[in-house]
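# Structural overview
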Amino acid sequence: MEQLRIPNSYHSPLTIRETEVAIKEIKDHFERALAKSLHLTRVSAPLFVKPESGMNDNLNGIERPVSFGIKEQDEAAAEIVHSLAKWKRYALKHYDFHSGEGLYTDMSAIRRDEETDNIHSLYVDQWDWEKIISKEERNTETLEYTVRKVYSALKDTEEFISRRYNYIESWLPDDIFFITSQELEDMFPEDTPKEREHRIAKAKGAVFISQIGKELASGEKHDGRAPDYDDWELNGDIIVYYPVLDIGLELSSMGIRVDEGALKKQLKLANCEERASLPFQKALLNGELPYTVGGGIGQSRICMYYLRKAHIGEVQSSIWPEEIVEQALANGIQLL
């Protein structure tokens, strides 16, 4: 059951209708800023894929995709995507993109096993983006350079929306702080990963925590990552401090993608070497796909952040337990 977190004396300065207008302004501005910053072209993307393609995002490996049969194809199964992390890499080749060029798309997903709360919903909407790099660019310098490019679009959008609405102050610092998940564990060894994220985000304002998915010295992982898209040595999350809820709020997950060696290693570590025979993974191992860097940026998350909302349901339409809807209404939280 979802736990509803209610800030003291919470009140949204915007009505629902005004919120809808602001959401459109934020999305339009950020989309343009991101495309300009990373030299991206917008493309169309699938809502569902065939499970045997190996192209769906397996997330932590335990989440169940929403699936359905297709009447005209003798009820062959299709799956609603969890994300487009793998599909984008295939699309870059199929659409004849070249080194230094990239794409982005609007991604909608259903995550039926999500544990919902103020910042998690069954419905996921994000900008999925991917860019071709050379093998020599698969390094920390490229990762940090790209993170700063994404962060500049986030910063630019906050400055834009704070000029449009006078109740919004600029919270994001001028630069983002970089730290590895192991350095963070060493700094706060007694804390949980989420507690560490909160502490470092509150101290720095905005942070990129890298090397997500690999095992730490404690034997635990900072967070889960599927083994067949991000390179666990060259990935991470952009997390900002969010005073409205007093939390570290993840806005983006991104990274340099696996090459042949990293894929083999991570499939073995994740005990799922059988995935190597799936079409996407097989093409990658055969060197048929470009080397890339990419990620996802939460659309509802950034709207929630910029508009200082207490619940993600204030900026997207989803389904919530009835008692949560009642509690939200009684406490000034206007769920769409």
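Residues numbered from 1 in each chain as written. Predicted model: local features only at pLDDT ≥ 70, side-chain atom pairs only at ≥ 80, totals over all residues. Heavy atoms only, no water.

The name given to the protein chain in an unreviewed UniProt entry is Aspartate--ammonia ligase, with Mediterraneibacter hominis as the source organism. Recorded in UniProt for the protein chain, the comment headed Subcellular location (unreviewed entry) runs: "Cytoplasm". UniProt's Pathway (unreviewed entry) comment on the protein chain is quoted here verbatim: "Amino-acid biosynthesis; L-asparagine biosynthesis; L-asparagine from L-aspartate (ammonia route): step 1/1." (UniProt positions renumbered as here; feature names shortened; annotations may be inferred.)

### Observations concerning the overall build of the protein chain
Helices and strands together make up the secondary structure of the protein chain, namely nine helices and eleven strands. Computed over C-alpha atoms, the radius of gyration of the protein chain comes to 20 Å, within 12% of the 20 Å expected from 2.2 N^0.38 for 336 residues, which places it in the range of a compact globule. When the backbone C-alpha atoms are referred to their principal axes, the protein chain occupies close to 55 × 50 × 40 Å. Across the 336 residues in the protein chain, those meeting the buried criterion constitute 53%. Restricting to contacts in the protein chain with at least 6 residues of sequence separation, those with at least 24 account for 73%. For the protein chain, the exposed surface amounts to about 15,600 Å²; the carbon and sulfur share of it is 49%. Here the protein chain contributes 41 positively and 59 negatively charged side chains, and the mean placements of these two sets differ by 3 Å. (Helix = DSSP H or I, 4+ residues; strand = E, 2+ residues; numbered from the N terminus. Rg over C-alpha atoms; globule rule 2.2 N^0.38 Å. Buried < 20%, exposed > 50% of the residue type's maximum accessible area, 1.4 Å probe, protein only. Contact = heavy atoms within 4.5 Å. Areas by Shrake-Rupley, 256 points an atom, 1.4 Å probe, with all protein chains shown as cover. Lys, Arg positive; Asp, Glu negative; His and termini not counted. Charge placed at Lys NZ, Arg CZ, Asp CG, Glu CD.)

### Considerations on the side chain of D128
Within the element layout of this structure, D128 appears in strand β6 (residues 123-132). Among the residues examined, D128 registers a relative accessible area of 2% and is labelled buried. Here the side chain of D128 touches K88 through a polar contact of 3.1 Å, side chain to side chain. (Polar contact = N/O pair within 3.5 Å; in protein donor to acceptor, adjacent residues only side chain to side chain.)

### As for the nonpolar core
One finds L34, W129, V150, L154, I302 and L307 to be the most contacted residues of the largest nonpolar core, which totals 59 residues. Among all residues touching I302, those that are not within four sequence positions of it are I26, F30, W127, L154, L251 and I297. Of all hydrophobic cores here, the second largest spans 14 residues; its members include V81, L84, F97 and I132. (Core = buried A, V, L, I, M, F, W, Y, C linked by side-chain atoms within 4.5 Å.)

### Some details on the pairing of strand β3 (residues 67-70)
Pairing between β3 and strand β4 (residues 76-80): four bridges, direction antiparallel. Paired with S67 across the strands is E79, a residue of β4. Counted between consecutive antiparallel strands, the loop separating β3 from β4 contains five residues, among which D74 sits at a positive phi close to 55°. (Pairing = 2+ DSSP bridges.)

### Side note on the environment of I324
Among the secondary structure elements, I324 is positioned in helix α9 (residues 322-330). Through-space distance from the C-alpha of I324 to that of L4 is 6.7 Å; in sequence the pair is 320 residues apart.

### Overview of the UniProt feature "domain: Aminoacyl-transfer RNA synthetases class-II family profile" (unreviewed entry) in the protein chain
Per the UniProt entry, the sites bearing "domain: Aminoacyl-transfer RNA synthetases class-II family profile" (unreviewed entry) are residues 112-321 in this numbering. Span residues 112-321 is 33% helix and 24% strand, its end C-alpha atoms 14 Å apart.

### A word on the sheet that holds β3
Sheet strands associate in pairs through backbone hydrogen bonding, adopting either a parallel or an antiparallel arrangement. Sheet architecture is open: three strands sit in the order β2-β4-β3, paired in antiparallel fashion. Strands at the two margins of the open sheet, each flanked by one partner only, are β2 (48-49) and β3.

### What to know about the pattern of salt bridges
Considering all chains together, one arrives at 24 salt bridges under this definition. Note that R42 is salt-bridged to D106, the shortest N-O span being 2.8 Å. Linking R42 in strand β1 (residues 40-42) with D106 in strand β5 (residues 102-110), this pair joins segments that are 64 residues apart in sequence. The partner of K86 in a salt bridge is D228, with the nearest N and O atoms 3.0 Å apart. With K86 in the loop between β4 and α2 (87-94) and D228 in the loop between β8 (206-210) and β9 (230-242), this residue pair connects regions lying 142 residues apart in the sequence. The pair K86 / D228 is uniform in exposure class, with both members buried. (Salt bridge = Lys/Arg side-chain N within 4 Å of Asp/Glu carboxyl O.)

### Some remarks on the sheet that holds strand β11 (residues 292-298)
Overall, mixed pairing links the eight strands, which are arranged β1-β5-β6-β11-β10-β9-β8-β7 in an open sheet. With one partner strand each, in any of the chains shown, β1 and β7 (177-180) form the two edges of the open sheet. Each neighbouring strand pair of the sheet contributes to a mean axis angle of 25°, computed without reference to strand direction. As defined by bridge partners, β8 adjoins β9 across five bridges and the pair is classed as antiparallel. Residue V207 lies in a different strand from β9, and its bridge partner there is I239. Sitting on the sheet, helix α3 (residues 140-164) touches β6, β7, β8, β9, β10 (247-257) and β11, and the angle it makes with β10 is about 135°. (Axes fitted to C-alpha atoms, helices over the stretch in contact; angles between N-to-C directions.)

### Quick look at the packing of helix α1 (residues 16-38) against α3
When two helices pack together, their arrangement is given by the angle between the helix axes and the distance between those axes. Between α1 and α3, the shortest axis-to-axis distance is 9 Å and the interhelical angle comes to 145°. The hand of the α1/α3 crossing is right-handed. Here A22, E25, I26, H29, F30, A33, L34, S37 and L38 of α1 lie close against α3, whose contacting residues are T146, K149, V150, S152, A153, L154, D156, T157, F160, I161 and R164. Here the residues of the contact of α1 with α3 sort into eleven nonpolar, five polar and four charged. (Left-handed = near helix turned anticlockwise from the far one by under 90°. Nonpolar A, V, L, I, M, F, W, Y, C, P; charged D, E, K, R; others polar.)

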